[in-house]
Amino acid sequence: MMDSLRTAANSLVLKIIFGIIIVSFILTGVSGYLIGGSANYAAKVNDQEISRGQFENAFAGERNRMQQQLGDQFSELAANEGYMKNLRQQTLNRLIDEALLDQYAREIGLSISDDQVKKAIFSTPAFQNNGKFDNTRYNAIVNQMGMTPDQYAQALRNQLTTQQLINAVVGTDFMLKGEADELATLVSQQRVVREATFDVNALAAKQQASDEEVKSYYEQNKNNFTSLEQFRVSYIKLDAAAMQENATDAEIQTYYDQHQDQFTQPQRNRYSVIQTKTEADAKAALDELNKGTDFATVAKEKSTDIISAKNGGDMGWLEEGTTPDELKNAGLKEKGQLSGVIKSSVGFLVVRLDDITPATTKPLADVRDDIAAKVKQEKALDGFYALQQKVSDAASNDNESLAGAEQAAGAKAVTTGWFSHDNLPEELNFKPVADAIFGGGLVGENGTPGSNSDIITVDGDRAFVLRVSDHKPEAIKPLDEVKDQITALVKHNKAVQQAKLDAEKLLAELKAGKGDEALKAAGLSFGEAKTLSRTGQDPISQAAFGLSLPAKDKPSFGIANDMQGNVVVLALDEVKAGTMPEAQKKAMVQGITQNNAQITFEALMSNLRKDAKIKLGDIMTQQ
């Protein structure tokens, strides 16, 4: 493994990637990357160290993935210290599991070869262009992941090893044909039932509820009859979109002059390279090229850089900041020009300059509309922030009302109707606004109006200042207000109890062979027969498959509740053997075996964690 890592690291392609990363350090700052430079480790797993840098890279990748998946919502989550701490812990747990799997795979002799890793990389659709592996695309995507090719290859190796383990576990679970047939017959079984229903609502209409019963129910269930906390809010909304002004010609010209770098494409050169271990090999390759042999052919045969060799030595387009010094200093000025043998930190090189794209600056006419939009937006935001400050000062100076803020904003405050936590008005439905309203800081004593809020910014280009104008705390409703509701509940509960007692009595009579008289006395009859399947999720189906099998010409009986809450007496007349199509049976067996395999795999991971010596580094214990 280490030999292959050294070989991969000794690559001009990776050197270029490192150059790109170094440029990104310069452009974005190095503080985040320097965190990984400490000697402190994130964890030790059976003496295998997960470095701090490895952990920080993995966490950054997970953070980027979550940000792409959740968009603006992730910004809110990222502000939650508890959520981010949990995300860091999940990332470390994943790295620990990967280390345990890697160790276990080596222990039982599982391995993924370098050729398998290369094959997986070359066959990944994301790295292909028109169905063929594209080295430039590969480098760009891996760089966007915040990884080096070595790191990506190792992550892929871990993933393939895990899948190999899972496949091995899945292959250990199976079902015999007889077992599968028996299970399919049981699953597809059908039951024929009839129903006699005690209508709870009809029984409730005949019940009585005394004042004492209503009062007793109220006292025992007061917390079920509360009125929600309610608010009325007055607010002023500021919107940058409503403050946009047109950009003048002078402003557009000034922006263009001051931001030339945004409209300039620097010179780019395209190189092909042959990398060798020895100077003699490089000279031999150069001799072949001088004799007219195709560069791509020699690169594929001679180059030790397996990534660029795959593409005939092509390195793709490179800008000044990402071009290795060896290529810069090769003295290549013209298209097609070939270098001599160049000694480098990765061996010996022969380089060809394939193409040159000179630096170009887009004329103002081509970018005028884009600049006008940017200037217009910037002016609007400048005015927006200035107005924010003005309104904030006014709301703070006159904290008894929004009158001063209205004058500063040049707009009247809007007052909402009553609302609770569950139905915040749509125009105020932003988390920072909700937090301000429901946080309690804007409500005065005894429900009186409190203070004006600070400026609350949402989505970067809108802001609110508000005050709670009226407030009603949560309170238990008086008995008189809920008496009718409680009366209905008491009657309904009585009806349910009566229905259950009557059903039990009828069930006993049916089992004793006196069902006809009992049904007649109850004013009931069994309905038409229904055929139910085991897959039914309704309570009647589930109860039917819990009944004992009927005797010949003699149904079995039971009690259930239907979806409406009525009490139902069931008569099970017949049990039918079902059939299952072969495709469905195969899918069922596959699902069962996969589920069993998943349980086995989770048990394996649990045992590996239990037996492992895992020590967390200071980076986690000091969180």
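Residues numbered from 1 in each chain as written. Predicted model: local features only at pLDDT ≥ 70, side-chain atom pairs only at ≥ 80, totals over all residues. Heavy atoms only, no water.

Q: Sorry, what's going on with the overall build of the protein here?
A: The helix and strand inventory of the protein stands at 25 helices and 21 strands. Counting over 623 residues, the protein shows a buried share of 35%. Within the protein, counting contacts between residues at least 6 apart in sequence, those at least 24 apart form 73% of the total. About 36000 Å² of surface is accessible on the protein, with carbon and sulfur atoms providing 48% of the total. (Helix = DSSP H or I, 4+ residues; strand = E, 2+ residues; numbered from the N terminus. Buried < 20%, exposed > 50% of the residue type's maximum accessible area, 1.4 Å probe, protein only. Contact = heavy atoms within 4.5 Å. Areas by Shrake-Rupley, 256 points an atom, 1.4 Å probe, with all protein chains shown as cover.)

Q: Looking at this structure, how should I read the nonpolar core?
A: In globular proteins that are soluble, nonpolar side chains generally tend to be buried together. Ranked by size, the top nonpolar core spans 23 residues in total, and within it Val45, Ile50, Phe55, Leu92, Ile96, Leu100 and Phe601 carry the most contacts. Of all the secondary-structure elements, those providing two or more residues to this core are strand E1 (41-45), helix H4 (52-70), helix H6 (81-107) and helix H24 (582-611). Counting residues per element, this core draws most heavily on H6, which supplies eight residues. Leave out the neighbours within four places in its chain, and Leu100 touches Val45, Asn46, Leu608, Arg609 and Ala612. (Core = buried A, V, L, I, M, F, W, Y, C linked by side-chain atoms within 4.5 Å.)

Q: Help me understand the sheet that holds E1, please; the structure alone is not making it clear to me.
A: Note on sheets: strands pair through backbone hydrogen bonds, and any given pair is parallel or antiparallel. Judged by pairing direction, the sheet is antiparallel, and its three strands sit side by side in the order E2-E1-E21 without closing on themselves. Of all strands in the sheet, those with a lone pairing partner are strand E2 (48-51) and strand E21 (614-616), marking the two edges. Neighbour-to-neighbour, the strand axes of this sheet turn through a mean angle of 15°, independent of strand direction. The sheet contact formed by E1 and E21 spans three bridges and is antiparallel. Residue pairing for E21: Lys44 is matched across the bridge by Lys615. The strands touched by H6 within the sheet are E1, E2 and E21, with E1 carrying the most contacts at an inclination of about 35°. (Pairing = 2+ DSSP bridges. Axes fitted to C-alpha atoms, helices over the stretch in contact; angles between N-to-C directions.)

Q: How should I be thinking about the sheet that holds strand E20 (residues 567-576) in this particular structure?
A: If you walk across this open sheet you meet the four strands as E18-E5-E20-E19, and the pairing is antiparallel. Two strands close off the open sheet at either side, each with one partner strand: strand E18 (530-533) and strand E19 (556-561). Taken over all neighbouring pairs, the strand axes of this sheet differ in orientation by 40° on average, direction set aside. Where strand E5 (residues 190-198) and E20 come together, nine bridges link them in antiparallel fashion.

Q: Even after reading the chapter, I still don't get the packing of aromatic side chains, so can you show me in this structure?
A: Tallied over the entire structure, the rule returns 15 aromatic pairs. Measuring from ring centre to ring centre gives 6.4 Å for Tyr138 and Tyr152, while their planes differ by 75°; the resulting arrangement is edge-to-face. Highlighted residues: Tyr138 in helix H8 (residues 135-144) and Tyr152 in helix H9 (residues 149-170), separated in sequence by 14 residues. Exposure class is identical for Tyr138 and Tyr152. Each is buried. Relative to Phe464, the ring of Phe430 lies with its centre 5.9 Å away and its plane at 45°, an arrangement referred to as tilted. Taken together, the residues span a long stretch of sequence, with Phe430 in the loop between strand E14 (414-415) and helix H20 (431-438) and Phe464 in strand E16 (residues 462-472) at a distance of 34 residues. A relative accessible area of 19% means that Phe430 is categorised as buried. With relative accessibility at 0%, the residue Phe464 sits in the buried group. (Phe/Tyr/Trp six-rings, centres within 6.5 Å; stacked < 30°, edge-to-face > 60°.)

Q: Teacher, can you tell me more about the environment of Phe557 here?
A: Following the sequence through the fold, Phe557 ends up in strand E19. Judged by its relative accessible area of 17%, Phe557 is buried. For the pair Phe557 and Ala571, spaced 14 residues apart in the sequence, the C-alpha separation amounts to 4.7 Å. When residues no more than four places from it in sequence are discounted, the contact partners of Phe557 are Leu507, Leu510, Lys511, Phe526, Leu547, Leu570 and Ala571.

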